[in-house]
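# What the coordinates show
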Amino acid sequence: MENQAQNIELTSTLTCPECGHSEAETMPTDACQWFYECKGCGLLLKPKAGDCCVYCSYGTVPCPPIQQGGNCCGVDGGDAD
Ligand SMILES: [Zn+2]
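Throughout what follows, the structure given in this document is the object of discussion. Since the structure is predicted, the reported quantities are computational estimates derived from the model, not experimental observations.

What counts as what
- Residues numbered from 1 in each chain as written.
- Predicted model: local features only at pLDDT ≥ 70, side-chain atom pairs only at ≥ 80, totals over all residues.
- Helix = DSSP H or I, 4+ residues; strand = E, 2+ residues; numbered from the N terminus.
- Buried ≥ 20, exposed ≤ 12 C-beta atoms within 10 Å, placed from the backbone.
- Contact = placed C-beta atoms within 7 Å.
- Core = buried A, V, L, I, M, F, W, Y, C linked by C-beta atoms within 7 Å.

### A closer look at the overall build of the protein
- Helix and strand counts for the protein come out as two helices and four strands.
- Relative to its full complement of 81 residues, the protein shows a buried share of 23%.
- Within the protein, residue pairs in contact and separated by at least 24 positions form 32% of the contacts whose partners lie at least 6 positions apart.

Structure, rendered in structure tokens:
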């Protein structure tokens, strides 16, 4: 029961911190999404400090590279754990 390599969830529900609107989005597997415009209020969401993409900050599921146990692209200067 240790086979989890292909168990990558590609759909993440983003929740806007401003208006609370939730929207299910499909994540790209080969790129990080830094910005996401809320479909409820139009706020441009950005990753929180230490997060690599909006899915890691506001989504129900972190981005695919994180799910695979690696680092996301573009994460720099962070060698904590
Ligand atoms: Zn919003």
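### Overview of the environment of Leu-45
- Within the secondary structure, Leu-45 sits in strand 4 (residues 44-45).
- Residue Leu-45 is classed as buried on the basis of its C-beta count, with 21 C-beta atoms lying within 10 Å.
- Along the primary structure Leu-45 and Thr-15 are separated by 30 residues, whereas in three dimensions their C-alpha atoms are 9.7 Å apart.
- Apart from the residues within four sequence positions on either side, Leu-45 is in contact with Cys-16, Phe-35, Tyr-36, Cys-38, Val-54 and Tyr-58.

### Side note on the nonpolar core
- Ranked by internal contacts, the top residues of the largest apolar core, which has 13 residues, are Cys-53, Val-54, Tyr-55 and Cys-63.
- Not counting chain neighbours up to four residues away, the residues in contact with Tyr-55 comprise Ser-12, Leu-14, Met-27, Gln-33, Val-61, Pro-62 and Cys-63.

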